[in-house]
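Below, each chain spelled out in residue letters.
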Amino acid sequence: MKAIRVHEFGGPEVMQLEETPDLQPGAEQVVVRVNAIGVNPVDTYLRSGSNSKLRLPYTPGMDAAGIVESVGENVTNVAVGDRVYTSGAISGTYAELALCEHSQVHRLPQHISFAQGAAVNVPYATAYRALFQIAKAVPGEIVLIHGASGGVGIAALQLALAAGMTVIGTAGSEQGRYLVTDQGAHHVLDHYAPDYLEQVIQLTNGLGVAVILEMLANANLSKDLGILAQSGRVVIIGSRGTVEINPREAMNRDASILGMFLFNAAAPEISSIHAAVVAGLANGTLCPVVGQEIPLAEAPRAHRAIMEPGSYGKIVLIP
(Lines give C-alpha, C1' and ligand atoms only; values in the text may rest on other atoms or scores of the structure.)
Protein backbone atom coordinates (compact mmCIF):
# COMPACT_ATOMS: atom_id res chain seq x y z
CA MET A 1 0.00 0.00 0.00
CA LYS A 2 1.00 3.64 -0.38
CA ALA A 3 1.45 5.76 2.74
CA ILE A 4 2.96 9.07 3.76
CA ARG A 5 6.03 8.50 5.93
CA VAL A 6 7.94 10.95 8.10
CA HIS A 7 11.59 9.96 8.74
CA GLU A 8 12.66 13.21 10.40
CA PHE A 9 10.84 16.06 12.11
CA GLY A 10 10.62 19.32 10.25
CA GLY A 11 8.59 21.28 7.72
CA PRO A 12 5.88 19.89 5.43
CA GLU A 13 8.52 18.69 2.96
CA VAL A 14 9.59 15.85 5.31
CA MET A 15 6.40 13.94 4.36
CA GLN A 16 7.06 11.48 1.56
CA LEU A 17 4.72 9.07 -0.22
CA GLU A 18 6.20 5.55 -0.05
CA GLU A 19 5.25 1.95 -0.69
CA THR A 20 4.72 0.10 2.62
CA PRO A 21 3.50 -3.39 3.59
CA ASP A 22 -0.24 -4.05 3.78
CA LEU A 23 -1.78 -4.23 7.25
CA GLN A 24 -3.36 -7.16 9.09
CA PRO A 25 -5.66 -6.82 12.11
CA GLY A 26 -5.05 -8.32 15.53
CA ALA A 27 -7.80 -9.93 17.57
CA GLU A 28 -9.55 -6.66 18.51
CA GLN A 29 -8.44 -4.57 15.57
CA VAL A 30 -9.86 -3.35 12.27
CA VAL A 31 -8.24 -2.53 8.93
CA VAL A 32 -9.99 0.24 6.99
CA ARG A 33 -9.60 0.80 3.25
CA VAL A 34 -9.21 4.59 3.31
CA ASN A 35 -11.22 6.73 0.89
CA ALA A 36 -10.54 10.12 2.48
CA ILE A 37 -8.29 11.53 5.22
CA GLY A 38 -8.90 14.50 7.50
CA VAL A 39 -6.06 17.00 7.99
CA ASN A 40 -5.85 18.68 11.40
CA PRO A 41 -3.54 21.38 12.81
CA VAL A 42 -2.33 18.86 15.40
CA ASP A 43 -0.91 16.80 12.50
CA THR A 44 1.40 19.70 11.65
CA TYR A 45 2.54 20.14 15.26
CA LEU A 46 3.45 16.45 15.53
CA ARG A 47 5.26 16.50 12.18
CA SER A 48 7.37 19.44 13.35
CA GLY A 49 8.49 17.51 16.45
CA SER A 50 6.21 18.79 19.22
CA ASN A 51 5.81 15.30 20.74
CA SER A 52 9.10 13.91 21.96
CA LYS A 53 7.51 10.48 22.51
CA LEU A 54 6.62 10.02 18.84
CA ARG A 55 8.96 7.49 17.25
CA LEU A 56 10.31 7.85 13.74
CA PRO A 57 9.49 6.88 11.09
CA TYR A 58 5.72 7.22 11.32
CA THR A 59 2.60 7.81 9.23
CA PRO A 60 0.67 10.94 10.25
CA GLY A 61 -3.06 11.26 10.79
CA MET A 62 -5.89 10.05 12.98
CA ASP A 63 -8.99 10.97 10.96
CA ALA A 64 -10.20 9.01 7.95
CA ALA A 65 -13.26 7.43 6.38
CA GLY A 66 -13.62 4.35 4.23
CA ILE A 67 -14.70 0.74 4.09
CA VAL A 68 -13.83 -1.98 6.60
CA GLU A 69 -11.35 -4.24 4.81
CA SER A 70 -10.79 -6.86 7.51
CA VAL A 71 -11.49 -7.43 11.21
CA GLY A 72 -9.95 -9.39 14.04
CA GLU A 73 -11.69 -12.40 15.53
CA ASN A 74 -13.06 -10.54 18.57
CA VAL A 75 -14.49 -7.53 16.71
CA THR A 76 -18.28 -7.29 16.86
CA ASN A 77 -19.11 -3.58 16.42
CA VAL A 78 -18.34 -3.49 12.68
CA ALA A 79 -18.06 -6.00 9.83
CA VAL A 80 -16.20 -6.24 6.54
CA GLY A 81 -17.82 -3.89 4.02
CA ASP A 82 -19.17 -1.40 6.57
CA ARG A 83 -18.77 2.33 5.89
CA VAL A 84 -16.92 3.90 8.83
CA TYR A 85 -15.03 6.93 10.04
CA THR A 86 -12.04 6.69 12.39
CA SER A 87 -11.28 8.40 15.68
CA GLY A 88 -7.61 7.56 15.73
CA ALA A 89 -5.46 4.84 14.24
CA ILE A 90 -2.61 2.63 15.36
CA SER A 91 -0.87 2.98 12.01
CA GLY A 92 -1.76 6.58 11.07
CA THR A 93 -4.33 7.49 8.44
CA TYR A 94 -2.33 9.23 5.69
CA ALA A 95 -2.37 5.98 3.74
CA GLU A 96 -4.45 3.64 1.59
CA LEU A 97 -5.08 1.39 4.62
CA ALA A 98 -5.38 2.22 8.32
CA LEU A 99 -5.09 -0.18 11.27
CA CYS A 100 -7.38 0.79 14.16
CA GLU A 101 -8.52 -0.52 17.50
CA HIS A 102 -12.15 -1.63 17.23
CA SER A 103 -13.17 1.30 19.47
CA GLN A 104 -11.67 3.74 16.95
CA VAL A 105 -14.12 2.93 14.13
CA HIS A 106 -17.67 4.25 13.95
CA ARG A 107 -20.42 3.63 11.44
CA LEU A 108 -20.84 6.31 8.78
CA PRO A 109 -24.41 6.94 7.52
CA GLN A 110 -24.98 6.36 3.81
CA HIS A 111 -25.86 9.99 3.10
CA ILE A 112 -22.53 11.24 4.49
CA SER A 113 -19.75 11.11 1.89
CA PHE A 114 -16.34 9.68 2.69
CA ALA A 115 -14.81 13.16 2.39
CA GLN A 116 -17.32 14.41 4.95
CA GLY A 117 -16.65 11.38 7.13
CA ALA A 118 -12.96 12.22 7.18
CA ALA A 119 -13.96 15.63 8.56
CA VAL A 120 -15.76 14.22 11.60
CA ASN A 121 -13.45 13.03 14.35
CA VAL A 122 -11.17 15.79 15.64
CA PRO A 123 -13.43 18.73 14.64
CA TYR A 124 -16.68 17.33 16.05
CA ALA A 125 -15.17 15.60 19.07
CA THR A 126 -13.27 18.79 19.96
CA ALA A 127 -16.34 20.97 19.52
CA TYR A 128 -18.57 18.62 21.52
CA ARG A 129 -16.08 18.29 24.37
CA ALA A 130 -15.46 22.04 24.51
CA LEU A 131 -19.12 23.00 24.39
CA PHE A 132 -20.74 20.37 26.59
CA GLN A 133 -18.11 18.57 28.69
CA ILE A 134 -15.90 21.57 29.49
CA ALA A 135 -18.07 24.72 29.21
CA LYS A 136 -21.22 22.80 30.20
CA ALA A 137 -23.24 25.05 27.90
CA VAL A 138 -27.01 24.77 28.10
CA PRO A 139 -29.94 25.67 25.82
CA GLY A 140 -30.72 29.38 25.76
CA GLU A 141 -27.16 30.57 26.37
CA ILE A 142 -25.35 32.86 23.94
CA VAL A 143 -22.19 31.31 22.48
CA LEU A 144 -19.46 33.16 20.59
CA ILE A 145 -17.44 30.95 18.24
CA HIS A 146 -14.19 32.53 17.09
CA GLY A 147 -13.15 31.15 13.71
CA ALA A 148 -16.55 29.63 13.01
CA SER A 149 -15.74 28.93 9.35
CA GLY A 150 -13.09 26.27 10.12
CA GLY A 151 -13.60 22.57 10.80
CA VAL A 152 -14.00 22.88 14.59
CA GLY A 153 -15.94 26.13 14.24
CA ILE A 154 -18.54 24.65 11.89
CA ALA A 155 -18.91 21.61 14.13
CA ALA A 156 -19.41 23.82 17.20
CA LEU A 157 -21.91 25.98 15.34
CA GLN A 158 -24.02 22.98 14.32
CA LEU A 159 -23.89 21.45 17.80
CA ALA A 160 -24.81 24.71 19.53
CA LEU A 161 -27.72 25.38 17.19
CA ALA A 162 -29.04 21.85 17.64
CA ALA A 163 -28.92 22.33 21.42
CA GLY A 164 -30.97 25.54 21.31
CA MET A 165 -28.24 28.12 21.86
CA THR A 166 -27.89 31.54 20.27
CA VAL A 167 -24.74 31.59 18.15
CA ILE A 168 -22.49 34.50 17.23
CA GLY A 169 -19.87 33.31 14.74
CA THR A 170 -16.80 35.17 13.51
CA ALA A 171 -14.75 34.66 10.36
CA GLY A 172 -11.92 36.61 8.77
CA SER A 173 -12.93 36.39 5.12
CA GLU A 174 -16.06 37.25 3.16
CA GLN A 175 -16.27 33.65 1.93
CA GLY A 176 -15.97 32.39 5.50
CA ARG A 177 -18.66 34.73 6.77
CA TYR A 178 -20.99 33.62 3.99
CA LEU A 179 -20.42 30.01 5.05
CA VAL A 180 -21.14 30.79 8.71
CA THR A 181 -24.33 32.60 7.69
CA ASP A 182 -25.34 29.69 5.46
CA GLN A 183 -24.79 27.30 8.38
CA GLY A 184 -27.40 29.18 10.40
CA ALA A 185 -25.51 31.37 12.86
CA HIS A 186 -27.79 34.01 14.36
CA HIS A 187 -25.13 36.71 13.98
CA VAL A 188 -21.93 36.76 11.90
CA LEU A 189 -19.04 39.17 12.52
CA ASP A 190 -15.68 39.98 10.93
CA HIS A 191 -13.10 39.45 13.65
CA TYR A 192 -10.73 41.80 11.81
CA ALA A 193 -13.22 44.69 12.07
CA PRO A 194 -12.02 47.21 14.69
CA ASP A 195 -15.45 47.41 16.33
CA TYR A 196 -16.46 43.74 16.37
CA LEU A 197 -16.20 43.52 20.17
CA GLU A 198 -18.56 46.47 20.52
CA GLN A 199 -20.92 44.69 18.13
CA VAL A 200 -20.91 41.64 20.43
CA ILE A 201 -21.88 43.80 23.41
CA GLN A 202 -24.66 45.44 21.39
CA LEU A 203 -26.01 42.09 20.18
CA THR A 204 -26.25 40.88 23.79
CA ASN A 205 -27.93 44.06 25.04
CA GLY A 206 -24.85 44.86 27.07
CA LEU A 207 -24.86 41.58 28.99
CA GLY A 208 -22.04 39.77 27.17
CA VAL A 209 -21.83 36.16 26.05
CA ALA A 210 -22.09 33.10 28.27
CA VAL A 211 -19.54 30.96 26.42
CA ILE A 212 -16.65 31.72 24.08
CA LEU A 213 -14.98 28.95 22.09
CA GLU A 214 -11.52 30.33 21.39
CA MET A 215 -9.41 28.94 18.52
CA LEU A 216 -6.55 31.47 18.79
CA ALA A 217 -6.15 32.43 22.43
CA ASN A 218 -2.83 34.22 22.01
CA ALA A 219 -4.57 36.80 19.81
CA ASN A 220 -7.96 37.02 21.48
CA LEU A 221 -8.03 35.91 25.13
CA SER A 222 -7.36 39.30 26.68
CA LYS A 223 -10.21 40.79 24.63
CA ASP A 224 -12.52 37.82 25.25
CA LEU A 225 -12.65 38.51 28.99
CA GLY A 226 -14.15 41.94 28.38
CA ILE A 227 -17.19 40.60 26.53
CA LEU A 228 -18.10 37.75 28.87
CA ALA A 229 -21.37 37.73 30.77
CA GLN A 230 -21.49 37.18 34.52
CA SER A 231 -20.15 33.66 35.25
CA GLY A 232 -19.11 33.40 31.60
CA ARG A 233 -16.65 30.78 30.38
CA VAL A 234 -13.88 30.92 27.77
CA VAL A 235 -12.75 27.54 26.48
CA ILE A 236 -9.28 27.64 24.94
CA ILE A 237 -9.26 25.23 22.00
CA GLY A 238 -6.20 26.60 20.22
CA SER A 239 -3.27 28.94 20.85
CA ARG A 240 -0.02 29.67 19.04
CA GLY A 241 1.81 31.70 21.64
CA THR A 242 1.58 33.60 24.91
CA VAL A 243 -0.84 36.34 25.91
CA GLU A 244 -1.11 38.95 28.66
CA ILE A 245 -4.47 39.35 30.39
CA ASN A 246 -5.99 41.54 33.09
CA PRO A 247 -7.19 39.09 35.77
CA ARG A 248 -9.66 41.66 37.10
CA GLU A 249 -11.74 41.18 33.96
CA ALA A 250 -12.30 37.59 35.08
CA MET A 251 -12.66 38.50 38.76
CA ASN A 252 -15.36 41.08 38.15
CA ARG A 253 -17.46 38.53 36.28
CA ASP A 254 -16.72 35.38 38.28
CA ALA A 255 -15.55 34.18 34.87
CA SER A 256 -13.71 30.96 34.06
CA ILE A 257 -10.82 30.40 31.65
CA LEU A 258 -10.89 26.74 30.74
CA GLY A 259 -8.21 24.86 28.84
CA MET A 260 -9.20 21.94 26.67
CA PHE A 261 -7.19 19.20 24.99
CA LEU A 262 -9.23 16.49 23.28
CA PHE A 263 -6.71 13.78 24.05
CA ASN A 264 -7.15 14.28 27.80
CA ALA A 265 -10.70 12.92 27.54
CA ALA A 266 -11.31 9.62 29.34
CA ALA A 267 -12.60 6.59 27.44
CA PRO A 268 -16.21 6.98 28.68
CA GLU A 269 -16.18 10.65 27.58
CA ILE A 270 -14.91 9.71 24.13
CA SER A 271 -17.54 6.99 23.82
CA SER A 272 -20.25 9.48 24.79
CA ILE A 273 -18.98 12.01 22.26
CA HIS A 274 -19.11 9.60 19.35
CA ALA A 275 -22.51 8.25 20.34
CA ALA A 276 -23.82 11.81 20.09
CA VAL A 277 -21.94 12.58 16.87
CA VAL A 278 -23.08 9.42 15.09
CA ALA A 279 -26.68 10.18 16.08
CA GLY A 280 -26.34 13.75 14.80
CA LEU A 281 -24.90 12.57 11.49
CA ALA A 282 -27.71 10.04 11.11
CA ASN A 283 -30.55 12.48 11.80
CA GLY A 284 -29.09 15.31 9.73
CA THR A 285 -28.36 17.66 12.62
CA LEU A 286 -24.63 17.44 11.86
CA CYS A 287 -23.20 17.76 8.35
CA PRO A 288 -19.45 18.31 7.85
CA VAL A 289 -18.34 20.89 5.30
CA VAL A 290 -15.34 20.02 3.10
CA GLY A 291 -13.44 23.04 1.83
CA GLN A 292 -10.64 21.38 -0.15
CA GLU A 293 -9.82 17.90 -1.44
CA ILE A 294 -6.10 17.38 -2.10
CA PRO A 295 -4.33 14.24 -3.43
CA LEU A 296 -2.49 12.25 -0.73
CA ALA A 297 0.80 12.73 -2.59
CA GLU A 298 0.40 16.48 -2.01
CA ALA A 299 0.13 16.20 1.78
CA PRO A 300 2.80 18.91 2.24
CA ARG A 301 0.52 21.37 0.44
CA ALA A 302 -2.35 20.43 2.76
CA HIS A 303 -0.16 21.09 5.82
CA ARG A 304 0.73 24.53 4.53
CA ALA A 305 -2.89 25.34 3.70
CA ILE A 306 -4.32 24.37 7.08
CA MET A 307 -2.07 26.86 8.89
CA GLU A 308 -3.10 29.80 6.69
CA PRO A 309 -5.70 32.34 7.90
CA GLY A 310 -9.17 32.51 6.37
CA SER A 311 -10.24 28.93 7.05
CA TYR A 312 -13.15 27.51 5.06
CA GLY A 313 -14.39 24.06 5.96
CA LYS A 314 -12.21 21.00 6.26
CA ILE A 315 -9.13 20.06 4.25
CA VAL A 316 -9.25 16.43 3.13
CA LEU A 317 -6.64 14.21 1.47
CA ILE A 318 -7.70 11.66 -1.15
CA PRO A 319 -5.54 8.51 -1.60
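Quick note: structure is the one above.
The text that follows walks through the structure, step by step, so that each part is easy to find. Since we're looking at a predicted model, the values are computed, not measured.

**Digging into the overall build of the protein chain**
Okay, step 1: When helices and strands are counted, the protein chain shows 10 helices and 15 strands.
Okay, step 2: Rg of the C-alpha trace for the protein chain: 20 Å, near the compact-globule value of 20 Å for 319 residues, within the 12% margin.
Okay, step 3: With respect to the principal axes defined by its C-alpha atoms, the protein chain has extents near 60 × 40 × 35 Å.
Okay, step 4: When burial is assessed residue by residue, the protein chain has 53% of its 319 residues classed as buried.
Okay, step 5: A sequence separation of at least 24 residues applies to 65% of the contacts in the protein chain between residues at least 6 apart.

**Focus: the pattern of salt bridges**
Side-chain pairs of opposite charge can arise whenever the charged atoms involved come near each other.
Okay, step 1: Counting across every chain of the model gives eight salt bridges.
Okay, step 2: A salt bridge links Arg253 to Glu249; the shortest N-O distance between them is 2.8 Å.
Okay, step 3: A residue is classified by how much of its surface remains accessible, and Glu249, at 27% relative accessible area, is partly exposed.

**Side note on the packing of aromatic side chains**
Okay, step 1: Taken as a whole, this structure holds two aromatic pairs when the rule is applied.
Okay, step 2: Arranged with centres 4.8 Å apart and planes meeting at 55 degrees, the rings of Tyr128 and Phe132 form a pair that is tilted. Linking Tyr128 with Phe132, this pair stays in helix α3 (residues 121–134), spanning four residues, or about one helical turn.
Okay, step 3: Between Phe261 and Phe263, the aromatic rings sit 5.2 Å apart at their centres with planes inclined by 70 degrees, giving edge-to-face as the arrangement.
Okay, step 4: When its relative accessible area of 45% is taken as the criterion, Phe261 is described as partly exposed.
Okay, step 5: Residue Phe263 is classed as partly exposed on the basis of its relative accessible area of 42%.
Okay, step 6: Over the face of the ring belonging to Phe114 we find Arg83, whose NZ or CZ atom lies 4.5 Å from the ring centre.

**Examining the nonpolar core**
Okay, step 1: With 80 residues, the main nonpolar core has Tyr94, Leu131, Ile145, Leu213, Val235, Val277 and Leu317 as its most contacted residues.
Okay, step 2: The residues touching Leu131, leaving out its near neighbours within four places in the chain, are Lys136, Ala137, Val143, Ala156, Leu159, Ala160, Met165 and Leu213.
Okay, step 3: Leu197, Ala217, Leu225 and Ala255 belong to the second largest nonpolar core, which has 18 residues in total.

**A closer look at the sheet that holds strand β9 (residues 166–171)**
Okay, step 1: As summarised here, the arrangement of the six strands in space is β10-β9-β8-β11-β12-β13, forming an open sheet in which the pairing is parallel. Here the strands that pair on one side only, and so sit at the sheet edges, are β10 (187–190) and β13 (256–259). On average, each strand axis in the sheet is inclined to that of its neighbour by 20 degrees, with strand direction left out of account.
Okay, step 2: With four bridges connecting them, β9 and β10 associate as parallel partners. Each bridged residue has a counterpart across the sheet, and for Ala171 the counterpart in β10 is Asp190.

**Structural notes on the environment of Tyr58**
Okay, step 1: Structurally, the position occupied by Tyr58 is in the loop between α1 (41–47) and β4 (63–71).
Okay, step 2: Separated by 125 residues in sequence, Tyr58 and Gln183 have C-alpha atoms that sit 37 Å apart.
Okay, step 3: Residues contacting Tyr58, with those up to four places away along its chain left out, are Ile4, Arg5, Val6, Phe9, Leu46 and Arg47.
Okay, step 4: Here the side chain of Tyr58 touches Arg47 through a polar contact of 3.3 Å, landing on its backbone nitrogen.

The rules behind the values
- Residues numbered from 1 in each chain as written.
- Predicted model: local features only at pLDDT ≥ 70, side-chain atom pairs only at ≥ 80, totals over all residues.
- Heavy atoms only, no water.
- Helix = DSSP H or I, 4+ residues; strand = E, 2+ residues; numbered from the N terminus.
- Rg over C-alpha atoms; globule rule 2.2 N^0.38 Å.
- Buried < 20%, exposed > 50% of the residue type's maximum accessible area, 1.4 Å probe, protein only.
- Contact = heavy atoms within 4.5 Å.
- Salt bridge = Lys/Arg side-chain N within 4 Å of Asp/Glu carboxyl O.
- Phe/Tyr/Trp six-rings, centres within 6.5 Å; stacked < 30°, edge-to-face > 60°.
- Lys NZ or Arg CZ within 6 Å of the ring centre and 35° of its normal.
- Core = buried A, V, L, I, M, F, W, Y, C linked by side-chain atoms within 4.5 Å.
- Pairing = 2+ DSSP bridges.
- Axes fitted to C-alpha atoms, helices over the stretch in contact; angles between N-to-C directions.
- Polar contact = N/O pair within 3.5 Å; in protein donor to acceptor, adjacent residues only side chain to side chain.

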